[in-house]
Structure formats: structure tokens, C-alpha cells
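Survey of secondary and tertiary structure
Listed below are the residues making up each chain.
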Amino acid sequence: MGISETMQQRNTLSFEVFPPKTDIGMNKLCGENGVLEKLYSLNPDYISCTYGAGGTNVGKNLEVVRKIRTDGRCIPVTHFTCIGNTKDGIREQLQTYLDNGIDHVLALRGDLPFGWTGTGGDLHYATELVSFIRDEFGSRFTVGVAGSPEGHIACTSLQADIDFLKQKQDNGADFIMTQLCWDMDQFRRWLDAIRAAGVTMPVDIGIMPVLDQAATINMALSRNGCALPRKLCEIISKNWIFPNPFAPNESEESIAAKKASFKAAGMEYTVRQIEEYLACGINGIHLYALNKYDDVAQIAKDAGLV
């Protein structure tokens, strides 16, 4: 059974990892008693692995998803971007995934590297990538697509973004994985709006655990343009590291205490947010594991996902 069919029957639990750049990192993720094996103990429905622009990390990515496939404990999902990629390259790489038993793909345009004005490839949008996958491979892939509850930062309006999401569905996409969103009021408005627009695909919620002050600010503002709700801002303010979290100039003891306090409050905030999402009637929770286990496992357990 594919992920989209499972989501239509019950809420799913899944995690996202990324392909490490070093052999040491790969061993920590994929080795004996590594992060993957620990994540399996939480009984996820799938684990996804990110994919760099133009397939820059395709070798490590394939190694990770092949490991998940071989272990047989859950479904592997590969992210796949069309940036810097030709149609021939896309066709060849996707066939390689199928040859290795990987038949679930998250079809993305990908974040444009700074200085780029286009994708630098044959396809320019995720809508085109979804259509290409269906034309070339029929129903052999289950295809997920990104959804942006606050609207993609490059889109002219939220309605235009929803129109593109509907086009992805019309082109053959099976389920939605949302981008980071902490603004629950906006999420509810978006969910109502996509359903009113005829988007019926199951919605899997991408959750970035709130664990580190600088990382939280960076994720919200550097690429995604996400709103920081008042409650989250209060947690940041109460644990502010001076002069700023990216260039701290406090004592090591003070920094360590604030980081620990922020992490505890942030984990509780993440659990509460998951509960709010579940109350919205969504179809799955997808936690960014950041290639670690302890914190994300605690969040999943405290939120009742395990």
C-alpha cells in the first residue's frame, strides 16, 4: 500500500533525514545502531531523504533510501528536484530509483541557489516535474508535492500558490507535504482554501522541532518567510542570547543555560503545535529529524504519535 492510500485511512508518522557529506556522518545515520535503526523503533510509515539542487548529493541520497528499502521497516521516500537537471538526466535518475525499489518521490522545483534567476534545467516548475514523471513512468511512482500554507515566498499571491497546487494534483500528484508553518490560524485558512479550490490530496504536515534559537530564526526567515507567532517569539525573547544568537558574546555558562531553557520550552511548543494540527483533521505528521533521534523521539512520544 502506498503512502497516499495509508493517509486516507489513518494519520501517518514519518521523519525526514538528509544525506551526510562524510563517511562518519553516513555511519552515524546508516550504520549499526545508527539513527535510522533507532527511528525504526518508533514505527514510522516512511522516512524521506532530501536531495540537493541538480542531484549534487544523489549518490549519498540513493545510499540512504536504498538502506531504508533494504531494511524493510518502512517506506523510503526520496526528495527530487528539477533544478539544473535535463529531461534525460531526470529520466535516468528516476529509473535508477525504481531499479533500487524506490517508488515514492517528493517532486520539487528545489530552492534556487543564491544568484540563480532560473532552474538552469529543462523543467522550471514542480508542476512540470509531476507531469513529466507521469508521462514517463505512469503509475509506477507515488508522487508527493510541497504545499505552502503561507504561500511560497516566490509566488505572487496565496491564491496563485493554491492554483499551482491544484495543477500539481491535476498533473498526477498523490499527496501534499507542507512546508514549515508555525502560524496555526493561517494554516487553518489555507486548509479551508485548498479544499474549496478542489484540492483533495491528503495533507502531511512538515514539522520543524523548535530546539535551537538561531536555527529557528534562520529557518523562518532565511528562505521560507514564515511568521513567528507571539508565543514562539516569547520563548525566543525570554532566552535571548546577546548580542544576537548568531554571534553570542555572553559567558559560556549563560549561553548553555539559555540554550537548555529554550530547548525545553521549544519541545513543549512543538508538542502543542502537533496537537493543534491533529485537531485540524490532517492526514499525517512529518518530523524533521535533522539526522538525530533523542529529541524527535521524545516529541513524538509526548505528542502521542508513538
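Scope of this entry: the structure provided in the associated data block. Throughout, a residue's number is its position along its own chain's written sequence, starting from 1. Confidence filtering applies because this is a predicted model: local features only for residues at pLDDT of at least 70, side-chain atom pairs given and counted only at 80 or more, and all residues used for totals across whole chains, interfaces and linings. Neither water nor hydrogens contribute to the side-chain values; these are computed over all heavy atoms in the structure.

**Structural notes on the sheet that holds strand S7 (residues 203-207)**
To be explicit about the condition: In this scheme, strands are said to pair when DSSP sees at least two bridges between them. Strands here mean DSSP runs of E at least two residues long; helices mean DSSP runs of H or I at least four residues long; both are numbered from the N terminus. Between N-to-C directions, angles span 0 to 180 degrees; the directions come from axes that are lines fitted to C-alpha atoms, helices contributing only their stretch in contact.
What the eight strands build is a closed barrel, ordered S1-S2-S3-S4-S5-S6-S7-S8; its pairing is parallel. Across the sheet, the mean angle separating the axes of adjacent strands is 25 degrees when strand polarity is ignored. Relative to S7, strand S6 (residues 175-178) is paired through two bridges, and the arrangement is parallel. Counted as the bridge partner of Ile176 is Val203 from S7.

**Points about the pairing of S6**
Basically, it comes down to this: With a 1.4 Å probe rolled over the protein chains alone, any residue whose accessible area is under 20% of its type maximum counts as buried; one over 50% counts as exposed, and the rest are partly exposed. Clockwise travel from the first strand over the helix to the second, with the strands pointing away from the viewer, marks a crossover as right-handed.
Across the two faces of S6 the burial is the same, with Phe175 and Met177 and Ile176 and Thr178 all buried. In this structure, strand S5 (residues 142-147) lies alongside S6, joined through four bridges in parallel fashion. Each bridged residue has a counterpart across the sheet, and for Ala146 the counterpart in S6 is Met177. Note on the crossover from S5 through helix H7 (residues 158-170) to S6: the handedness is right-handed. Since S6 and S7 lie parallel, the crossover through helix H8 (residues 184-196) that links them has a hand, and here it is right-handed.

**Some words on the packing of aromatic side chains**
Our working rule: In this analysis, rings of Phe, Tyr and Trp, with Trp reduced to its six-membered ring, are considered paired at centre separations within 6.5 Å, and the interplanar angle assigns stacked below 30 degrees, edge-to-face beyond 60, and tilted for intermediate values.
If you walk through the whole model with that rule in mind, you get seven aromatic pairs. Taken together, a centroid distance of 4.8 Å and an interplanar angle of 35 degrees make the contact between Tyr51 and Phe80 tilted. Linking Tyr51 in the loop between strand S2 (46-49) and helix H4 (58-71) with Phe80 in strand S3 (residues 75-81), this pair joins segments that are 29 residues apart in sequence. Note on Phe80 and Tyr97: the rings are 6.4 Å apart at their centroids and 85 degrees apart in plane angle, and the pair reads as edge-to-face. Placement of Phe80 in strand S3 and of Tyr97 in helix H5 (residues 87-99) is noted, with a sequence separation of 17 residues between them. We note that Phe80, like Tyr97, is buried. One aromatic cluster is present, formed by Tyr51, Phe80 and Tyr97 through successive ring pairs.

**A few points about the pattern of salt bridges**
Short version of the rule: Whenever a carboxyl oxygen of Asp or Glu lies within 4 Å of a side-chain nitrogen of Lys or Arg, that contact is scored as a salt bridge.
The tally for this structure, following the rule as stated, stands at 13 salt bridges. Of the charged contacts in the structure, one is a salt bridge between Asp174 and Arg134, with a shortest N-O distance of 2.7 Å. Of the two residues, Asp174 is situated in the loop between H7 and S6 and Arg134 in helix H6 (residues 126-137); the sequence distance between them amounts to 40 residues. Taking relative accessible area as the criterion, Arg134 reaches 18% and is therefore assigned buried.

**Focus: the nonpolar core**
For clarity, the cut-off: Think of a nonpolar core as a cluster: buried Ala, Val, Leu, Ile, Met, Phe, Trp, Tyr and Cys residues, connected wherever their side-chain atoms sit within 4.5 Å.
Residues Leu39 and Leu287 are the most contacted members of the largest nonpolar core, which totals 67 residues. If you look at the next biggest cluster of nonpolar residues, it comprises 13 residues, including Met208, Val210, Ala220 and Tyr288.

**Looking at the packing of H7 against H8**
Condition: Any angle from 65 to 115 degrees is called roughly perpendicular, while one under 35 is roughly parallel, one over 145 is roughly antiparallel, and all others are oblique. If you view the pair so one helix is near and one far, a crossing is left-handed when the near helix is turned anticlockwise from the far one by less than a right angle, and right-handed when it is turned clockwise. Here, residues are in contact when the closest pair of their heavy atoms is within 4.5 Å.
One way to put it is that H7 packs onto H8 with a least axis distance of 11 Å and a crossing angle of 50 degrees. Classified by the angle between their axes, H7 and H8 sit oblique to one another. Crossing handedness for the pair H7 and H8: right-handed. Residues Leu158, Ile162 and Leu165 of H7 touch H8, and the partners they reach there are Gln186, Trp190, Ala193 and Ile194.

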